[in-house]
Amino acid sequence: MVKLYGFPPSTCTRLVALVCKEKEIPYELISVNLAKGEQKHASFTAVQPFGQVPYIDDDGFVLYESRAIARYLSKKYPNQGTSLIPTDPKAEALFEQASSIEIFNFNAFVAPIVFEKVFKPRRGLQPNEERVSELLGQLQSKMDAYDLILGKQQYLAGDSVTLADLSHLPYGTAFYGLGAGFADVFESRPNLARWWKDISNRPAWLAVKDGA
């Protein structure tokens with residue numbers, strides 16, 4: 001069984017748990033308490049030198065970085081559960097394109113907004129609202145492009161869901177939950193809203209949404 005070392009509420013831990021649920025891969029969660037700094041203990045950094053969650057131990061094969069883990073699990077079990085990474089060269093190229101879109105046109109803006117509005121207050125720090133407004137403004141044109149793409153196909157890489165779509169969920173859900181001004185980024189664009197409703201209501205995500 002895959003051992004998942006992570007903090008149940010963390011975005012990256014939940015991405016890995018999401019893939020496990022989609023792929024029907026049993027896993028054991030070994031909780032690492034970030035609030036207590038357990039990820040910085042010598043026993044943890046001996047395995048994950050950056051002191052970050054998550055990492056997995058798959059029968060002795062240790063891997064960290066959530067995106068790498070998600071790809072590894074998706075490829076190890078290609079015919080189990082939901083197919084998340086295409087094998088046809090053209091379909092895989094479109095998946096890689098969609099993955100790049102998520103990293104550079106979504107996560108690059110949404111993750112720092114969530115950092116300012118969610119993670120900073122948890123540490124007793126004030127969010128930089130000027131920075132949030134700047135990022136939110138830059139995000140608008142990116143989401144216009146999403147709406148255009150999703151007006152032509154069901155998902156970012158075509159008409160089948162892939163890991164590229166699901167990778168939006170941990171940070172996207174936190175962003176959407178910040179309130180109307182943020183949720184409206186999705187809801188004001190019909191194709192984007194349809195896609196978001198689709199992926200955010202997948203049973204696998206609902207199972208880990210509140211904790212891996």
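Procedures and definitions
- Residues numbered from 1 in each chain as written.
- Predicted model: local features only at pLDDT ≥ 70, side-chain atom pairs only at ≥ 80, totals over all residues.
- Heavy atoms only, no water.
- Helix = DSSP H or I, 4+ residues; strand = E, 2+ residues; numbered from the N terminus.
- Rg over C-alpha atoms; globule rule 2.2 N^0.38 Å.
- Buried < 20%, exposed > 50% of the residue type's maximum accessible area, 1.4 Å probe, protein only.
- Contact = heavy atoms within 4.5 Å.
- Areas by Shrake-Rupley, 256 points an atom, 1.4 Å probe, with all protein chains shown as cover.
- Salt bridge = Lys/Arg side-chain N within 4 Å of Asp/Glu carboxyl O.
- Axes fitted to C-alpha atoms, helices over the stretch in contact; angles between N-to-C directions.
- Parallel < 35°, antiparallel > 145°, perpendicular 65-115°, else oblique.
- Nonpolar A, V, L, I, M, F, W, Y, C, P; charged D, E, K, R; others polar.

With that settled, consider the overall build of the protein. Along its length, the protein carries 10 helices and 4 strands. Ordered by position from N to C terminus, the α and β elements of the protein give β-α-β-α-β-β-α-α-α-α-α-α-α-α. Over its C-alpha trace the protein gives a radius of gyration of 17 Å, about what one expects of a compact globule, namely 17 Å for 212 residues. Looking at the protein as a whole, 46% of its 212 residues are labelled buried. Within the protein, contacts between residues separated by at least 24 positions form 66% of all contacts whose residues are at least 6 apart in sequence. Here the protein has roughly 10,400 Å² of accessible surface; of this, 52% comes from carbon and sulfur atoms.

Moving on, we get to the pattern of salt bridges. Following the criterion strictly, the structure yields 9 salt bridges and no others. Residue Glu-134 pairs with Arg-131 through a salt bridge whose shortest N-O separation is 3.6 Å. Pair noted here: Glu-134 and Arg-131 are both in helix H5 (residues 129-150), with a separation of 3 residues, about one helical turn.

Moving on, we get to the side chain of Thr-82. Along the polypeptide, Thr-82 turns up in the loop between helix H3 (66-76) and helix H4 (89-122). With residues up to four places along the chain from it excluded, the contact list for Thr-82 reads Glu-22, Lys-23, Val-161 and Arg-202.

Turning our eyes to something else, we now look at the packing of helix H1 (residues 11-22) against helix H7 (residues 169-176). Running from amino to carboxyl end, H1 crosses H7 at an angle of 125 degrees, the nearest separation of the two axes being 8 Å. For the element pair H1 / H7, the angle class is oblique. Residues Thr-11, Arg-14, Leu-15 and Leu-18 of H1 form the contact with H7, whose own contacting residues are Leu-169, Pro-170 and Tyr-171. Classifying every residue of the contact of H1 with H7 gives 5 nonpolar, 1 polar and 1 charged.

It is worth stressing that arrangement in space is one thing and function is another; only the former is reported here.
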